[in-house]
Amino acid sequence: MLKFLKQVGDYTKEAVQAAKYIGQGLSVTFDHMHRRPVTVQYPYEKLIPSERFRGRIHFEFDKCISCEVCVRVCPINLPVVDWEFNKETKKKKLNHYSIDFGVCIFCGNCVEYCPTNCLSMTEEYELATYDRHELNYDNVALGRVPYSVVHSDPMVTPIREFAYLPKGVLSGHDLPAGARRAGKLPEEILEEMENADAK
Ligand code: SF4
Ligand code: SF4
């Protein structure tokens with residue numbers, strides 16, 4: 001009898017727990033029902049990446065000392081540092097450096113720990129290609145000067161109004177004149193950036 005009561009107790013506990021989890025899941029669903037849908041008209045509009053966005057890695061060949069710290073801190077030992085020892089100078093000489101972005105998880109560890117700061121993360125995120133081997137960037141590709149995918153292209157409208165549209169407005173183009181918004185207009189952001197560059 002006691003065993004039966006214990007089983008009933010356990011079963012009740014599990015049923016209550018399951019109901020709690022279902023309730024938690026549904027609360028997330030209902031929360032989303034109150035949010036407004038947002039559509040960015042990619043590729044004509046692009047969101048301005050956040051300040052600490054982790055995009056394609058930039059590499060400065062001349063600064064690298066072939067210490068291989070980036071390899072050791074990488075969760076998948078990804079960077080390939082090909083060096084040889086120069087007997088005359090008694091220093092390592094870097095021959096090639098590469099990172100395969102088809103495997104990289106953009107965690108930023110290598111950038112964080114590189115002692116000479118020769119690695120940095122750029123805003124570039126459009127790395128798609130038809131051949132995955134093209135994602136294996138050598139030191140030349142990694143050394144390409146980073147460009148802003150959002151600001152450098154005159155055909156692209158930079159957009160930063162992801163969550164800033166007034167209620168009932170689904171597109172930035174439908175914004176009534178003079179409507180109040182929480183964020184800055186893209187042209188205001190661009191003006192600020194141009195002013196900062198001019199300084
Ligand atoms: S970003 Fe992370 S995964 Fe990519 S190479 Fe650096 S440490 Fe490795
Ligand atoms: S941690 Fe920096 S300096 Fe050292 S091998 Fe990697 S990229 Fe070069």
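The rules behind each value
Residues numbered from 1 in each chain as written. Chains lettered and ligands numbered in written order. Predicted model: local features only at pLDDT ≥ 70, side-chain atom pairs only at ≥ 80, totals over all residues. Heavy atoms only, no water. Helix = DSSP H or I, 4+ residues; strand = E, 2+ residues; numbered from the N terminus. Buried < 20%, exposed > 50% of the residue type's maximum accessible area, 1.4 Å probe, protein only. Contact = heavy atoms within 4.5 Å. Areas by Shrake-Rupley, 256 points an atom, 1.4 Å probe, with all protein chains shown as cover. Pairing = 2+ DSSP bridges. Axes fitted to C-alpha atoms, helices over the stretch in contact; angles between N-to-C directions.

Draft legend 1. Structural detail: the overall build of the protein. Helix and strand counts for the protein come out as 5 helices and 7 strands. Going residue by residue from the N terminus, the α and β elements of the protein occur as α-β-β-α-β-β-α-β-β-α-β-α. Looking at the protein residue by residue over its 199 residues, the buried ones come to 26%. Considering only residue pairs separated by 6 or more positions, the protein has 69% of its internal contacts joining residues 24 or more positions apart. Split by element, the accessible area of the protein, about 14700 Å² in all, is 56% carbon and sulfur.

Draft legend 2. Representation of the sheet that holds strand β6 (residues 136-138) within the structure. Across the sheet, which stays open at both edges, the 3 strands sit in the order β3-β4-β6 with antiparallel pairing between neighbours. Each end of this open sheet is capped by a strand with a single partner; those strands are β3 (80-86) and β6. With direction set aside, neighbouring strand axes in the sheet form an average angle of 20 degrees. In the sheet, strand β4 (residues 91-100) pairs with β6 via 3 bridges, with the strands oriented antiparallel. Directly across from Ser98, in β6, lies its bridge partner Asp138.

Draft legend 3. Broad picture of unusual backbone geometry. For the bond running from Tyr42 to Pro43, omega is 10 degrees, close enough to zero to count as cis. With respect to the element layout, Pro43 can be found in the loop between α1 (2-33) and β1 (45-47). In this structure, Glu68 is a non-glycine residue whose phi angle is positive, near 70 degrees. Its location among the elements puts Glu68 in the loop between β2 (57-59) and α2 (69-73). Glu68 gets classed as partly exposed once you look at its relative accessible area, which sits at 26%. For Phe106, which is not glycine, the phi dihedral falls at a positive 55 degrees. Considering the arrangement of structural elements, one finds Phe106 in the loop between β4 and α3 (109-113).

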